[in-house]
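# Notes for the structure review
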Amino acid sequence: MRIDTFKIEEWMNRYCPSAKCDLTTSCIKPLSIRDLMALCGCDKPLEIFQTNLTYGDIHGSDRLKNAIKSLYLNKNLQNITVAHGAISANQLVFESLLEKGDEVICFIPTYQQHYSVPKALGAKVKLLGLREENNWLPNLRELENSLTHKTKLICLCNPNNPTGAVIPDEMLERIALIAKNNNIWILIDEAYRGLNHVGSAYSKSIADIYEKGISTGSMSKTYSLPGLRVGWICAREDLINEINKHREYNTISVGILNDFFASVALENRNRIAMRNSIIIKEGLEILNDWINNDIYFKTNIPKGGTTALIRYKKEIPSKLLCKDFQATTGIAILPGEVFEIENTVRIGFCIDKKVLQESLKQFSKFIRMI
């Protein structure tokens, strides 16, 4: 299978290891195992350390799947399977659902996997652009006009990566109705679900409002545990059964240790949310203050998630800008070109607040030197 270079991952693999400060991150200050257990009020020896390191439960333990199930409405364990992060979850959905000649609608900017993998599988991919002037939200008329009898899947990310836009629940219901009227599946990457900044932290899940809705999730973003490499799929039971057939070729299990710590975290997600809400609030305040006081940058302040897409007012390609900025300051930022949006950069704002303030100050200073 031939596939396009994964631009965001290639960039981060190349530039992040040497950075003295990393603003490319989309995670909220990752927890250590010690931090996690302290946050969850556990100060006793863990039974997991007395457990033999077998493969564990192949599709995820009942404990973990019950914890995941609690994020949805009226779901059974049969509606859930566990994967190696949301990236593996998305891959399994594409491999299980798509065939050569199918059509896929994908809104961009988004995570490149959502359009490059379907393309590599032989699907025809139609890219619909999200627009700044529309607050990076889908244009539903454009969506309807793009559908044909071959359209099999619509792909979205909610909250959006990289813009932080959040699809209102009412709009999500309308998208589901459009799909239902045309018998089309919807995949929504919900890795940032639970990180809305206004109103309820959790948007409705597509798996709860539409029979052919597929939700993928992860421990990496909302729960600050990217190193566990645990994600999941929540969908109709017959699709989960098909996914599990494919899954047995490339996953087996996520590992008994990962399964255990993911279970603990989800069972105590309210405690993690309290910790993370403070970090998000501080980061947003710093980001907002910086944007309001620098004429060279603008953004739609994110409504959810951990990143912002920043437009800069200089005529320089984003890759060159990011390379030169890191070479000068040691600070890594992500070029918008990896999301097919030039003259922008993605900045993660959920890091140490002093580091964030100083990094943005350095960026303002640097842009004036170009």
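Residues numbered from 1 in each chain as written. Predicted model: local features only at pLDDT ≥ 70, side-chain atom pairs only at ≥ 80, totals over all residues. Heavy atoms only, no water.

Here the focus is the packing of aromatic side chains. For the coordinates displayed, the defined rule picks out eight aromatic pairs. Ring plane angle 55° and centroid distance 5.1 Å describe the contact between F6 and Y111, whose orientation is recorded as tilted. Remark: Y111 occurs in the loop between β3 (103–108) and α5 (113–120) and F6 occurs in the segment before α1 (7–15); sequence separation between them is 105 residues. Here the aromatic rings of F325 and F366 are separated by 5.3 Å at their centres, their planes lie at 55°, and the arrangement is tilted. One end of the pair, F325, is in helix α12 (residues 318–329); the other, F366, is in helix α13 (residues 353–367), and 41 residues separate them in sequence. Put simply, the rings of W290, F297, F325, F363 and F366 touch in pairs and so form one group of aromatic residues. Above the ring of Y72, the side-chain terminus of R193 is found at 5.4 Å from the ring centroid. (Phe/Tyr/Trp six-rings, centres within 6.5 Å; stacked < 30°, edge-to-face > 60°. Helix = DSSP H or I, 4+ residues; strand = E, 2+ residues; numbered from the N terminus. Lys NZ or Arg CZ within 6 Å of the ring centre and 35° of its normal.)

Turning our eyes to something else, we now look at the pairing of strand β2 (residues 80–83). Of the two faces of β2, the one carrying I80 and V82 and the one carrying T81 and A83 are both buried. In the sheet, β2 pairs with strand β8 (residues 231–234) via four bridges, with the strands oriented antiparallel. Each residue of the ladder has a partner; that of T81, found in β8, is I233. (Buried < 20%, exposed > 50% of the residue type's maximum accessible area, 1.4 Å probe, protein only. Pairing = 2+ DSSP bridges.)

Take the packing of helix α4 (residues 85–97) against α5 next. Two elements in contact, α4 and α5, have axes separated by 10 Å at closest approach and are oriented at 35°. Regarding α4 and α5, the two cross each other, and that crossing is right-handed. Listed contacts from α5 to I87, N90, Q91 and F94 of α4 are Q113, H114, V117 and P118. (Axes fitted to C-alpha atoms, helices over the stretch in contact; angles between N-to-C directions. Left-handed = near helix turned anticlockwise from the far one by under 90°. Contact = heavy atoms within 4.5 Å.)

Of all hydrophobic cores here, the largest spans 43 residues; its most connected members are L23, W290, I310, V345, I347 and F363. If you list the elements that add at least two residues to this core, you get α1, α11 (269–292), β10 (307–312), α12, β13 (344–348) and α13. Setting aside residues up to four positions removed in sequence, I310 forms contacts with L287, W290, I291, F297, K298, T299, N343, T344, V345 and I347. (Core = buried A, V, L, I, M, F, W, Y, C linked by side-chain atoms within 4.5 Å.)

A separate point is the sheet that holds β3. Spatially, β2-β8-β7-β6-β5-β3-β4 is the arrangement adopted by the seven strands of the open sheet, whose pairing is mixed. For this open sheet the edge positions go to β2 and β4 (124–129), each flanked by a neighbour on one side alone. Neighbour-to-neighbour, the strand axes of this sheet turn through a mean angle of 20°, independent of strand direction. Pairing of β3 with strand β5 (residues 151–157), which is carried by four bridges, proceeds in the parallel orientation. Its bridge partner lying in β5, I105 is registered against I154.

Turning our attention to the sheet that holds strand β9 (residues 297–298). If you walk across this open sheet you meet the four strands as β9-β10-β13-β12, and the pairing is antiparallel. Two strands lie at the open edges of the sheet, namely β9 and β12 (334–335), each paired on one side alone. Pairing between β10 and β13: five bridges, direction antiparallel. In the sheet register, A308 faces β13, and the bridge partner there is I347.

On to a nonpolar patch on the surface, then. Together, Y55, I58 and I252 make up an exposed nonpolar region whose accessible area comes to about 280 Å². Structurally, Y55 can be placed in the loop between α2 (33–39) and α3 (62–69). (Patch = residues over 30% accessible without salt bridge, like charges linked within 9 Å, V, L, I, M, F, W, Y side chains within 5 Å. Areas by Shrake-Rupley, 256 points an atom, 1.4 Å probe, with all protein chains shown as cover. Salt bridge = Lys/Arg side-chain N within 4 Å of Asp/Glu carboxyl O.)

Helical geometry note: an α-helix holds 3.6 residues per turn, so side chains three or four residues apart project in the same direction. Within α5, six of the eight residues are buried, which leaves the element mostly enclosed by the surrounding structure. Along α5, the residues that are buried comprise Q113, H114, Y115, S116, V117 and P118. Along its buried surface, α5 packs onto α4, β3, β4, β5 and β6 (185–189).

Let us look at the pairing of β10. In summary, the side chains of a regular strand alternate between the two faces of the sheet. With five of six residues buried, β10 lies mostly within the body of the structure. Where β9 meets β10, two bridges bridge the pair, whose relative direction is antiparallel. Within β10, the position partnered with K298 by the bridge is R311.

A few words now on the state of the cysteines. Enumeration over the complete set of coordinates arrives at zero disulfides. C155 takes part in no disulfide bond, and the closest cysteine sulfur, belonging to C106, lies 5.2 Å away. Given a relative accessible area of 1%, C155 falls into the buried group. The thiol of C234 is not disulfide-bonded; the next cysteine sulfur, from C155, is found 17 Å away. C234 gets classed as buried once you look at its relative accessible area, which sits at 0%. (Disulfide = S-S within 2.5 Å.)

Turning our attention to unusual backbone geometry. Cis geometry is adopted by the peptide bond preceding P109, which originates at I108 and carries an omega value of 10°. In this structure, P109 sits in the loop between β3 and α5. A positive phi angle, close to 20°, is found at K29, a residue other than glycine. Relative to the elements of secondary structure, K29 occurs in the loop between β1 (21–22) and α2.

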